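Commentary on secondary and tertiary structure
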Amino acid sequence: MKYFLIHANLPADIRRSLSAFGQPVALPIFDQLPYPVCAHPDMLVAKIGDTLLVHEEYREGRALLERLGIPFSLSRAPVGMQYPEDIRLNCLATENAFFCNEKYISREALALADRMGLKKIHVSQGYAKCSCAHAKNAIATADRGIAAAALRAGVKVLLMEPSKIGIEVYDTGFIGGASVLLDENTLGFFGDIESFPVYRALADFFGEQDVRLVSLGSRSLFDYGGAIDVSL
């Protein structure tokens, strides 16, 4: 069984497209985080290897995972409305690397990355997961600091030109929050990726990794906090 943990307000057309790859499951809001990221999967749950890490105080989310029979571990780092207490689980694990702001990320996340043998890559950007679309051991980001750190660590990277991505409240969203790894060779986007200004660069870059890009909706890209894939 494959699930995708999603934003509760993910549009119906995107859910239908996502359903071809697994069952979408809406995560409950976590009111200890600010709106709108209190509903963003990339702020609520971290996936490191095949292990999920969940905020200890995110009781409704934990109860949902338990009902579905999805195993998880707990992050005990304090969570809050202000940065950096909102980014405790905002980390990106690729096949070989682990991107995060080591100063603020959950200690449990760091320990898990160590156990998985992932190369830890410290970045100043606290929203590391939000900032990157990824597949295999390759990432695409508009964040110059993340791109430079990836290159130094030997991770394949595309530094994108900054382009507008929709999001509630904030001026612009992130490419990671507007995408989801559907399977090993398919990267999905919340909207029409072919109309995105840097589509060709993204398609060429991920094509070199034998990864295809898929539009899950018909509108402009929108940051819903990505989605977390879980296979049982």
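Below, the structure is looked at part by part. (Residues numbered from 1 in each chain as written. Predicted model: local features only at pLDDT ≥ 70, side-chain atom pairs only at ≥ 80, totals over all residues. Heavy atoms only, no water.)

Of the positions making up helix 3 (residues 59-68), those classed as buried are G61, L64 and L65. Each buried residue of helix 3 lies within a common arc of 95° when the element is viewed along its axis, so the set occupies one face. Seen from the buried face of helix 3, the exposed residues on the opposite side, beyond 90 degrees, are R59, E60, E66 and R67. Looking at the buried positions of helix 3, the neighbouring elements they touch are strand 1 (2-6), strand 2 (23-26) and strand 4 (51-55). (Buried < 20%, exposed > 50% of the residue type's maximum accessible area, 1.4 Å probe, protein only. Helix = DSSP H or I, 4+ residues; strand = E, 2+ residues; numbered from the N terminus. Arc of directions from axis to C-beta. Contact = heavy atoms within 4.5 Å.)

To continue, consider the sheet that holds strand 8 (residues 119-122). One open sheet holds the 3 strands; their spatial order is 6-7-8, and the pairing between them is mixed. The open sheet is flanked by strand 6 (92-93) and strand 8, the only strands paired with a single partner. Pairing of strand 6 with strand 7 (residues 97-100), which is carried by 2 bridges, proceeds in the antiparallel orientation. The partner of A93 across the bridge, within strand 7, is F98. Contacts from helix 4 (residues 107-116) reach strand 7 and strand 8, with the element oriented near 165° to strand 7. (Pairing = 2+ DSSP bridges. Axes fitted to C-alpha atoms, helices over the stretch in contact; angles between N-to-C directions.)

Right, let's get into the packing of aromatic side chains. Counted by the stated rule, this structure contains 7 aromatic pairs. Where Y83 meets Y104, the ring centres are 5.9 Å apart and the plane angle is 70°; that geometry is what we call edge-to-face. Here Y83, found in the loop between strand 5 (73-75) and strand 6, pairs with Y104, found in the loop between strand 7 and helix 4; they are 21 residues apart in sequence, far enough to count as distant. Its relative accessible area of 22% is what places Y104 among the partly exposed residues. Taking 4.7 Å as the distance between ring centres and 40° as the angle between the ring planes, the aromatic pair formed by F222 and Y224 counts as tilted. Here the aromatic residues Y83, Y104, Y127 and F174 are joined through ring pairs into a cluster of three or more. (Phe/Tyr/Trp six-rings, centres within 6.5 Å; stacked < 30°, edge-to-face > 60°.)

Glancing now at the nonpolar core. L5, L27, L33, L44, V45, L52 and V230 are the most contacted members of the largest nonpolar core, which totals 23 residues. Elements with a minimum of two residues in this core: strand 1, helix 2 (41-44), strand 4, helix 3 and strand 15 (228-231). If near-sequence neighbours (up to four positions away) are discounted, L44 is found in contact with L27, P28, F30, L33, C38, A39, L53, V54, H55, Y58 and L89. Grouped together as the second largest cluster of nonpolar side chains are 22 residues, A178, F189, V198 and L221 included. (Core = buried A, V, L, I, M, F, W, Y, C linked by side-chain atoms within 4.5 Å.)

For an α-helix, 3.6 residues make a turn, and residues three or four places apart therefore share a direction. Of the residues making up helix 6 (residues 199-207), those classed as buried are Y199, L202, A203, F205 and F206. The arc enclosing the buried residues of helix 6, seen along the axis, measures out at 165°, which places them on a common side. As for helix 6, its buried residues are in contact with strand 9 (132-135), strand 10 (138-141), strand 11 (156-159), strand 13 (186-189) and strand 14 (212-215).

This paragraph deals with the environment of F99. Along the polypeptide, F99 turns up in strand 7. As for F99 and A142, which are separated by 43 residues in sequence, their C-alpha atoms are 15 Å apart.

Of all 5 residues making up strand 1, 4 are buried, and the element is well covered by its neighbours. With respect to chirality, the unit in which strand 1 leads through helix 1 (residues 12-18) into the neighbouring parallel strand 2 is right-handed. (Right-handed = clockwise from strand over helix to strand, strands pointing away.)

So, on to the layout of surface pockets. Rolled over the atoms, a probe as big as a water molecule pinpoints where empty space is left. Here the largest pocket is characterised by a volume of approximately 650 Å³. What lines the largest pocket is a set of 29 residues, and nearest its centre among them are K47, G49, H134, L181 and D229. Mapped onto the lining of the largest pocket, the elements with two or more residues apiece are strand 6, strand 9, strand 12 (179-183) and strand 15. Its residues placed into classes, the lining of the largest pocket shows 14 nonpolar, 6 polar and 9 charged. Within this model, the second largest pocket holds a volume of roughly 200 Å³. Along the walls of the second largest pocket sit 14 residues, with A142, S163, G173, F174 and I175 positioned nearest its centre. Residues belonging to the lining of the second largest pocket are distributed by class as follows: 7 nonpolar, 6 polar and 1 charged. (1 Å grid on protein atoms, 1.4 Å probe; cavity = no way out; pocket = protein on both sides within 12 Å on 5 of 7 lines; lining within 4 Å. Points joined across faces, edges and corners; volume = space filled by probe spheres on them. Nonpolar A, V, L, I, M, F, W, Y, C, P; charged D, E, K, R; others polar.)

A few words on the pattern of salt bridges. As enumerated under the stated definition, the model contains 5 salt bridges in all. Among the ionic pairs, D13 bridges to R219, the shortest N-O distance being 3.3 Å. With D13 in helix 1 and R219 in the loop between strand 14 and strand 15, this residue pair connects regions lying 206 residues apart in the sequence. A relative accessible area of 18% places D13 in the buried class. Ionic pairing is found between D229 and K47, a salt bridge with its closest N-O pair at 2.8 Å. Separated by 182 residues along the polypeptide, D229 in strand 15 and K47 in strand 3 (residues 45-48) bring together distant segments of the chain. (Salt bridge = Lys/Arg side-chain N within 4 Å of Asp/Glu carboxyl O.)

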